[in-house]
Amino acid sequence: MQQSNSSIMIIPELEREKIFTQPVEGIIESLAFLCFAPTEIALLCDIPEEAFLDEISFKKGDRAKAYYKGKLKYQLEQRITTAKFAIKGSPDAEKTMQQFLNKMKEEEYAEK
């Protein structure tokens, strides 16, 4: 794994020649970080597509956890970039960050 430029997050292995030398969960995390679709990840990892899609839809198992972890790590990197632009005064970035904040508030106050 490598340290990202933001030095906040550890991102998955992204060197082309190293991606497929990891355990399958690491490969899945790296490919999800790179925004490959679940069906593409299944194909690249020689996982039965339907089984992998079931794991993801039920958020069950180590492979599903790796998928969501990679996806969320990418989203984190994107939000860090967006936040930096918002702090510098970008109206679009400020609007996007406000939408994220509103979503947080909605979930905080959602009925259980």
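So, here is what we can say about the structure in this document. Keep in mind that what you see is a predicted model, and the values were worked out from it rather than measured.

**A closer look at the packing of helix H4 (residues 49-58) against helix H5 (residues 62-87)**
So, step 1. Look at H4 against H5: their axes get within 8 Å of each other, and the N-to-C directions meet at 70°. One finds that H4 runs roughly perpendicular with respect to H5. By crossing handedness, the relation of H4 to H5 is classed as right-handed. Where H4 abuts H5, its residues Phe 52, Glu 55 and Ile 56 lie against Arg 63, Ala 64, Tyr 67 and Tyr 68.
So, step 2. Residues that form the contact of H4 with H5 fall into these classes: five nonpolar, no polar and two charged.

**Quick notes on the packing of H5 against helix H6 (residues 91-108)**
So, step 1. Two elements in contact, H5 and H6, have axes whose closest approach is 8 Å; the angle formed by their N-to-C orientations is 125°. If you check the angle between H5 and H6, you find them oblique. H5 and H6 meet at a crossing whose hand is left-handed. Residue-level contacts link Arg 79, Thr 82, Ala 83, Phe 85 and Ala 86 of H5 to Ala 93, Glu 94, Thr 96, Met 97 and Phe 100 of H6.
So, step 2. Considering only residue class, the contact of H5 with H6 consists of six nonpolar, two polar and two charged.

**Points about the nonpolar core**
So, step 1. In terms of nonpolar packing, the biggest core is built from 13 residues, with Ile 28, Ile 41, Cys 45, Ile 47, Phe 52 and Tyr 67 touching the most fellow members.
So, step 2. Those residues in contact with Ile 28, other than ones at most four positions away along the chain, are Ile 41, Cys 45, Ile 47, Phe 52, Arg 63, Ala 66 and Tyr 67.

**Structural notes on the packing of aromatic side chains**
So, step 1. Enumeration over the complete set of coordinates arrives at three aromatic pairs.
So, step 2. Each ring, one from Phe 52 and one from Tyr 67, has its centre 6.2 Å from the other, and the planes form 90°; the classification is edge-to-face. Residue Phe 52 is found in helix H4, and its partner Tyr 67 is found in helix H5; the two are separated by 15 residues along the sequence. Just as Phe 52 is buried, Tyr 67 falls in that class too.
So, step 3. Grouped by ring-pair contacts, the aromatic residues Phe 52, Tyr 67 and Tyr 68 constitute a single cluster.

**Remarks on the pattern of salt bridges**
So, step 1. Enumeration according to the criterion identifies two salt bridges in this entry.
So, step 2. One salt bridge in this structure joins Glu 29 and Lys 73, with 2.8 Å as the shortest N-O distance. Placement of the pair is Glu 29 in helix H2 (residues 24-33) and Lys 73 in helix H5, with a sequence separation of 44 residues. When sorted by exposure, Glu 29 lands in the same class as Lys 73, which is buried.

Parameters at a glance
- Residues numbered from 1 in each chain as written.
- Predicted model: local features only at pLDDT ≥ 70, side-chain atom pairs only at ≥ 80, totals over all residues.
- Heavy atoms only, no water.
- Axes fitted to C-alpha atoms, helices over the stretch in contact; angles between N-to-C directions.
- Helix = DSSP H or I, 4+ residues; strand = E, 2+ residues; numbered from the N terminus.
- Parallel < 35°, antiparallel > 145°, perpendicular 65-115°, else oblique.
- Left-handed = near helix turned anticlockwise from the far one by under 90°.
- Contact = heavy atoms within 4.5 Å.
- Nonpolar A, V, L, I, M, F, W, Y, C, P; charged D, E, K, R; others polar.
- Core = buried A, V, L, I, M, F, W, Y, C linked by side-chain atoms within 4.5 Å.
- Buried < 20%, exposed > 50% of the residue type's maximum accessible area, 1.4 Å probe, protein only.
- Phe/Tyr/Trp six-rings, centres within 6.5 Å; stacked < 30°, edge-to-face > 60°.
- Salt bridge = Lys/Arg side-chain N within 4 Å of Asp/Glu carboxyl O.

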